[in-house]
Amino acid sequence: MLLASVVRFWTKGWIDELYIRPAFFFPYYGFGFVHPLGEATYAVFAVCGLCALLVMIGLWYRWAAAGLFLSFTYIELMDKTTYLNHYYFVSLVCLMLIFLPANVLFSVDAWRKPSLRAGRIPYWTTGSVRLLVALLYVFAGIAKLNSDWLLEALPLRIWLPARNDMPVIGPLLEKRWVAYAFSWIGCLYDLTIPLWLLLPRTRVWAYAMVVVFHVLTALLFPIGMFPYVMIVTALIFFSGEWHGRLLARLGRLVPAMPVRSATVYAYRPAAEKVLKAGLLVFFVFQFLFPFRYLLYPGELFWTEEGYRFSWRVMLMEKAGYAQFTVQDTTGRKIIVNNTLFLTPLQEKMMSTQPDMLLQYAHFLRDHFAGKGFRQPSVYVDSYVALNGRFGRPLVAPDTDLARERDTFLPKSWITPFDDTIYGF
Amino acid sequence: MNRFSLFLALTGLVFMTACSGDKGSNGPGPDPDQGATNRKALLTYTVDDIILPGYAAFKVKLDTLTARTNAFAAKPDADKLATLRQGWADAYVEWQKVELFDVGPANTQTLRYYFNIYPANATGIEDNLKADNPNLDLPNSYPRQGFPALDYLLNGVGANDAAILGKYTKDENAAQRIAYLKKVVSKMNLMLGLVISEWGNSRDKFVNCTGLDAGCSTSQLVNGYVLHYERYIRSGKIGIPSGAMTNGVAAPEKVEGFYKKDLSKLLAQTAQQAFVDFFNGKSRRTGSEGLSLKSYLNGLNAKDSKTGELLTTAILNQLDAAAKKLQPLKASLYDEINTNKAAVVDVYTEMQKVVRMLKVDMTTAMSITITYTDNDGD
């Protein structure tokens, strides 16, 4: 699956487009040291693809999983522009995979080293992956409990009519009630699907629902691999016996592969203790981190302080326009042509996200200081529309962004959102 | 809870919300008008009632310009120069009503580059007319042809009419100048002919590509339309010559129709009006309004979810505000920039507000992505 992603990236020329050509990248706070490596970026992708392959066939599993986690995460950290919740999810799963015994059956490792083979693994190992998936869904559901989503059917009311030329269902997508139905069903689905997947009686139907739901979103929205990642991931909810049968069937294709074993996998007691403690910390963090937005004043959708890494998926239609002016103490002034520094995607993301506006403003400050501007000031004429409200400035035009610092503190220079969205 | 009750609960909720949505007071209105959001119908109307009749009307003017060019070339005199200039001005004004169709064949043939890249490159034109067989398809040839080149050739090669006429009669390069004049006009005919005939082949494909992704017609139409306003009306006609975009340093010599001077405001006004007419779907055959961006956006019920104002009303009001700032200016924007620059910058300011609404509010309501990259500040 991941291998396919890397290959997809490569063949579409995205590596070059996203990570090599741009003049500027948006690093994550505290991860400024992570940046693209020029042509060597291809090597990172190659490592990532190779590790994904090794993990898949189960060769040198632990090292490969670690390599996969590091290379994949490195790629994600290079530029905020491409942030997607499911990349974050993949990173987290890779992190967990390092410590989980996913190579004890049907793997090259197990084939080479019979002592590694085990037919059963501790419940908490698959349980922790299930918990992560459940958290993802439930948080995505909670995030939908707001007035725009539930009462206005926004942004689906904007997105669905765009597909009104689809065969059969096209005309339906224009109906207002359909947007409401999709909104509510989507919300209920996210909130409850982990439960239906957990209960043996509903599992098969729930999984069918997962497939239908994600295939539908894949058809309707341009969201890449995410639906397929989730469809495959949700298989983790099926029982060990079910997976055993699947492996037995796959085993017929590759007869050399060990598909069953009577051994029960056991960690060394000390390792197990450390691992369980680690998982506990991990999950406490996962549980609290999405709620950090509560610490910030203002509307989350508008300021996006605490928006990322919180499983907020497809929640808003936000578009913007940002024109920067750089000015110095001697009166020199220039209107910035964003396309000289940013890709269209970077510009699009930057224009609606305050922290990226600020990072870019700082880049401009330094760039023009290097070009002989004396203590340059950076102002932005910004215009952002959120969920069908008409556009308005995201930043006061008289704020000198060159002097504002990027911290985790609330950003006082964001103009207040002049409407209220109730709920989470 | 078993599967059946889950299903019941879901259905019930859907039903409830559907009903509550219908009687909701503020945001939700009636269902979108089905006909207005049919993109195939919109595209068909746009091609058949606006684009193709627009080109046909322009072709009439270009034919007149061509005939008068040939008459002048055959026997250059003051009368023929005067009628040729009038033919040029009429065609230039009519061009403003078709330049905005930067979609389909006009986009693939880059029609605009052969008709209206200004300021004209006067020395380049002089080089070209002395050259054996100058290649008009090279990018550096764009400002050496089309209406701006004709402007220079008919209005700018001498200090007065007698001197200009002399360049076509007594000058050592007179024959070459006449030949180049004809070459420019015949290139314009060639390019327009190509675009019109290609529309004949591509019309069906165009109206059937109804998706909203970047590869399909609606997105390309809107991208070309918004780009036209941003780069060729706001920046080209107003922003760059007035200095509004370049640190306040005005460049009045960059106005459209620089050598003719007193045509520049009319060109800008015509382009602005053509832009509004397109938004309203004004038919070039009947003159009445039909399917349009306006009816489409209204069909989507695009309004400010806070105030309830229709997006189309807001856009049309802002377009009107820009036109009102343009209206009182002198016929020569060159003179206006030299004497009263602030008034021209005011036009830019209003047009800039239009651009934001088009690029952000309109495209977001239509789920269209702006894919062209702007080059502000170049």
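Fair warning: this is a prediction, and the values are worked out from it, not measured in the lab.

## Section: the sheet that holds strand β3 (residues 377-386) of chain A
Residue and element names in this part refer to chain A.
Thought 1: On the basis of which strands lie adjacent, the open sheet formed by 3 strands has the order β2-β1-β3 and antiparallel pairing. Whereas interior strands pair on both sides, the edge strands pair on one side only; in this sheet they are β2 (333-335) and β3. Averaged over all pairs of adjacent strands, the angle between strand axes in this sheet comes to 15 degrees, irrespective of strand direction.
Thought 2: Strands β1 (318-327), β2 and β3 of the sheet are contacted by helix α18 (residues 354-370), whose axis makes an angle of about 25 degrees with β1.

## Things to note about the state of the cysteines
Residues and elements named next belong to chain A.
Thought 1: Under the definition given, this model contains 1 disulfide over all chains.
Thought 2: Free cysteine Cys94: the closest other cysteine sulfur is in Cys48, separated by 7.5 Å.
Thought 3: Under the relative-accessibility criterion, Cys94 is labelled buried at 2%.

## Some details on the packing of aromatic side chains
Thought 1: Per the stated rule, a full pass over the model turns up 41 aromatic pairs over all chains.
Thought 2: Within the aromatic cluster, the residues linked to one another by ring pairs are Tyr55, Phe101, Tyr225, Tyr229, Phe275 and Phe278 of chain B.
Thought 3: One Lys or Arg, Lys144 of chain A, reaches over the ring of Trp149 of chain A and ends 5.3 Å from the middle of that ring.
Thought 4: Above the ring of Tyr293 of chain A, the side-chain terminus of Arg312 of chain A is found at 4.8 Å from the ring centroid.

## Topic: the confidence of the model for chain A
Residues and elements named next belong to chain A.
Thought 1: In this model, chain A carries an average pLDDT of 82, and 92% of its residues clear a pLDDT of 70 or more.
Thought 2: No element of chain A has a lower mean pLDDT than helix α1 (residues 2-11), which averages 48, and none a higher one than β3, which averages 92.
Thought 3: Contacts from residues 1-7, a stretch scored under 50 in pLDDT, to residues over four places away or in other chains number 17 contacts.
Thought 4: Taken together, the stretch residues 9-13 has pLDDT below 50 and engages in 10 contacts with residues farther than four places along the chain or on a different chain.

## Topic: the packing of helix α3 (residues 78-95) of chain B against helix α8 (residues 161-169) of chain B
Residue and element names in this part refer to chain B.
Thought 1: The geometry of α3 relative to α8 is characterised by a closest axis approach of 11 Å and an angle of 100 degrees between their N-to-C directions. As far as their axial angle goes, α8 and α3 are roughly perpendicular. Where α3 abuts α8, its residues Ala78, Leu81 and Arg85 lie against Asp161, Ile164 and Leu165.
Thought 2: Among the residues forming the contact of α3 with α8, the class breakdown is 4 nonpolar, no polar and 2 charged.

## Here's the deal with the packing of helix α5 (residues 85-99) of chain A against helix α15 (residues 269-288) of chain A
Residue and element names in this part refer to chain A.
Thought 1: Running from N to C, α5 and α15 cross one another at 165 degrees; their axes reach a closest spacing of 11 Å. Comparing the axis directions of α5 and α15 gives the class roughly antiparallel. The hand of the α5/α15 crossing is left-handed. Across the interface between the two elements, Tyr88, Leu92, Leu95, Met96 and Phe99 of α5 pack against Leu275, Leu279, Phe282, Phe283, Phe285 and Gln286 of α15.

## Some points on a nonpolar patch on the surface
Residue and element names in this part refer to chain A.
Thought 1: On the surface, Val168, Ile169, Leu172, Trp177, Val215, Leu216 and Leu219 cluster together to form a nonpolar patch covering roughly 610 Å² of accessible area.
Thought 2: Counting residues per element, the nonpolar patch draws most heavily on helix α12 (residues 203-220), at 3 residues.
Thought 3: Turning to its location among the elements, Val168 is positioned in the loop between α9 (156-159) and α10 (170-173).

## A few points about the domain arrangement of chain A
Residues and elements named next belong to chain A.
Thought 1: Each assigned domain of chain A is listed with its residue range as follows: domain 1 (120-264 + 289-314) and domain 2 (317-403).
Thought 2: Computed from C-alpha atoms alone, the centre-to-centre distance between domain 1 and domain 2 is 36 Å.
Thought 3: Domain 1 puts 10 residues into the contact, and the matching count from domain 2 is 15 residues.
Thought 4: Of all residues in domain 1, the largest losses of buried area upon contact with domain 2 belong to Trp302, Glu304 and Arg308, amounting jointly to 54% of the total for that side.
Thought 5: Across the domain 1-domain 2 interface, the total number found is 3 salt bridges.

Reading the values: rules and limits
Residues numbered from 1 in each chain as written. Chains lettered and ligands numbered in written order. Predicted model: local features only at pLDDT ≥ 70, side-chain atom pairs only at ≥ 80, totals over all residues. Heavy atoms only, no water. Pairing = 2+ DSSP bridges. Helix = DSSP H or I, 4+ residues; strand = E, 2+ residues; numbered from the N terminus. Axes fitted to C-alpha atoms, helices over the stretch in contact; angles between N-to-C directions. Contact = heavy atoms within 4.5 Å. Disulfide = S-S within 2.5 Å. Buried < 20%, exposed > 50% of the residue type's maximum accessible area, 1.4 Å probe, protein only. Phe/Tyr/Trp six-rings, centres within 6.5 Å; stacked < 30°, edge-to-face > 60°. Lys NZ or Arg CZ within 6 Å of the ring centre and 35° of its normal. pLDDT = per-residue confidence, 0-100. Parallel < 35°, antiparallel > 145°, perpendicular 65-115°, else oblique. Nonpolar A, V, L, I, M, F, W, Y, C, P; charged D, E, K, R; others polar. Left-handed = near helix turned anticlockwise from the far one by under 90°. Patch = residues over 30% accessible without salt bridge, like charges linked within 9 Å, V, L, I, M, F, W, Y side chains within 5 Å. Areas by Shrake-Rupley, 256 points an atom, 1.4 Å probe, with all protein chains shown as cover. Salt bridge = Lys/Arg side-chain N within 4 Å of Asp/Glu carboxyl O. Domains from an automatic or database assignment. Buried area = accessible area lost by both parts, 1.4 Å probe.

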